[in-house]
Amino acid sequence: MNQFHLTQLLRRALLLSLAGACFNVYGQKEANVWHFGDRAGLDFNQCKPSPVAGSMASPNGCAVISHPKTGQLLFYSNARQVFNRNHRLMPHGDSL
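Chemist: I would appreciate a short explanation of the overall build of the protein chain in the present structure.
Modeler: In terms of helices and strands, the protein chain carries 1 helix and 7 strands. Along the protein chain, from the amino end to the carboxyl end, the secondary structure elements read α-β-β-β-β-β-β-β. For the protein chain, with 96 residues in total, the buried portion stands at 18%. Of all intrachain contacts in the protein chain linking residues separated by at least 6 positions in sequence, the fraction that spans at least 24 positions is 25%. For the protein chain, the accessible area works out to roughly 7,400 Å², and carbon and sulfur atoms hold 61% of it.

Chemist: Whenever I open this one, the environment of His92 confuses me. Can you help?
Modeler: Tracing the backbone shows His92 in the segment after strand S7 (82-84). His92 sits 10 residues away from Val82 along the chain, and the two C-alpha atoms are 8.4 Å apart.

Chemist: Would you mind going over the environment of Gly71 with me for this structure?
Modeler: Here Gly71 is to be found in the loop between strand S5 (63-66) and strand S6 (73-77). Along the sequence, Gly71 and Val33 sit 38 residues apart, while their C-alpha atoms lie 7.1 Å from each other. Those residues within four positions of Gly71 in sequence are excluded, and the remaining contacts are Lys29, Asn32, Val33, Asn45 and Ser66.

Chemist: Teacher, can you tell me more about the pairing of S5 here?
Modeler: Two strands pair when backbone bridges link them, and S5 and S6 are joined in this way by 4 bridges, in the antiparallel orientation. Bridged to Ala63 within S6 is Ser77. Hairpin remark: S5 followed by S6, antiparallel, with 6 residues in the connecting loop; positive phi at Gly71, about 80°.

Chemist: Looking at this model, I keep getting lost on the sheet that holds S6. Mind explaining?
Modeler: Each strand in a sheet pairs with another by means of backbone hydrogen bonds, the pair being arranged parallel or else antiparallel. The sheet built from 3 strands is open, its strands ordered S5-S6-S7 with antiparallel pairing. Edge strands, defined here as strands with exactly one partner in the open sheet, are S5 and S7. Each adjacent strand pair in this sheet contributes to an overall mean axis angle of 15°, direction not counted.

Chemist: So what exactly am I meant to see when it comes to the sheet that holds strand S2 (residues 40-43) here?
Modeler: Strand order in the open sheet formed by 4 strands is S3-S2-S1-S4, with antiparallel pairing between adjacent strands. The open sheet is flanked by strand S3 (50-51) and strand S4 (57-58), the only strands paired with a single partner. By the bridge criterion, 2 bridges tie strand S1 (residues 33-38) to S4 in an arrangement that is antiparallel. The residue bridging Gly37 from the neighbouring strand is Ser58, located in S4.

Chemist: Help me understand the environment of Asn45, please; the structure alone is not making it clear to me.
Modeler: Examined against the element boundaries, Asn45 turns out to sit in the loop between S2 and S3. Accessibility expressed as a relative area gives 22% for Asn45, which makes it partly exposed. When sequence neighbours within four positions are dropped, the list of residues in contact with Asn45 reads Lys29, Asn32, Val33, Thr70, Gly71 and Gln72. Looking at Asn45, its side chain comes within polar contact range of the main-chain oxygen of Gly71, at 3.1 Å.

The rules we used
- Residue positions are given per chain, counted from 1 along the sequence in the order it is written.
- Two thresholds apply to this predicted model, a pLDDT of at least 70 for residue-level local features and 80 or more for giving and counting side-chain atom pairs, whereas whole-chain, interface and lining totals are computed over all residues.
- Only hydrogens and water are set aside when side-chain values are computed; all heavy atoms of the structure are taken into account.
- Helix and strand assignments come from DSSP, with helices taken as H or I runs of at least 4 residues and strands as E runs of at least 2, each series counted from the N terminus.
- In this scheme, a residue with accessible area under 20% of its type's maximum is buried, one over 50% is exposed, and one in between is partly exposed, where area comes from a 1.4 Å probe on protein chains only.
- By the convention used here, residues are in contact when the closest approach between their heavy atoms is within 4.5 Å.
- A 1.4 Å probe and the Shrake-Rupley method give the accessible areas. Residues count as covered only by the protein chains that appear here.
- Pairing between strands is defined by DSSP: at least two bridges between them are needed.
- What counts as an axis is a line fitted to C-alpha atoms, over the stretch in contact for a helix, and the angles between N-to-C directions run from 0 to 180 degrees.
- In protein, a polar contact requires one atom able to donate a hydrogen and another able to accept it; more generally it is a pair of N or O atoms within 3.5 Å, and residues adjacent in sequence count only if both atoms are side-chain atoms.

Okay, structure coming up:
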């Protein structure tokens, strides 16, 4: 096998690997709802991202947990407070 054929084979393998990785990434919906910043958020469950108003002010970092199959928001936190999907403080979700 000459250098040209080997290069073509490697390119095709890389292209197929990248295409497969894209399908795996988009097959799961647990990262479809983002909450960040000062009461801001985005919902990627529709074709077009839509803004979401939240209750959390997070100047540093935060975590959002969504249902893995439906992508629906379950709860989110800024490491000090935990809010439910209705943007209400959860029981015992304060002063963490």
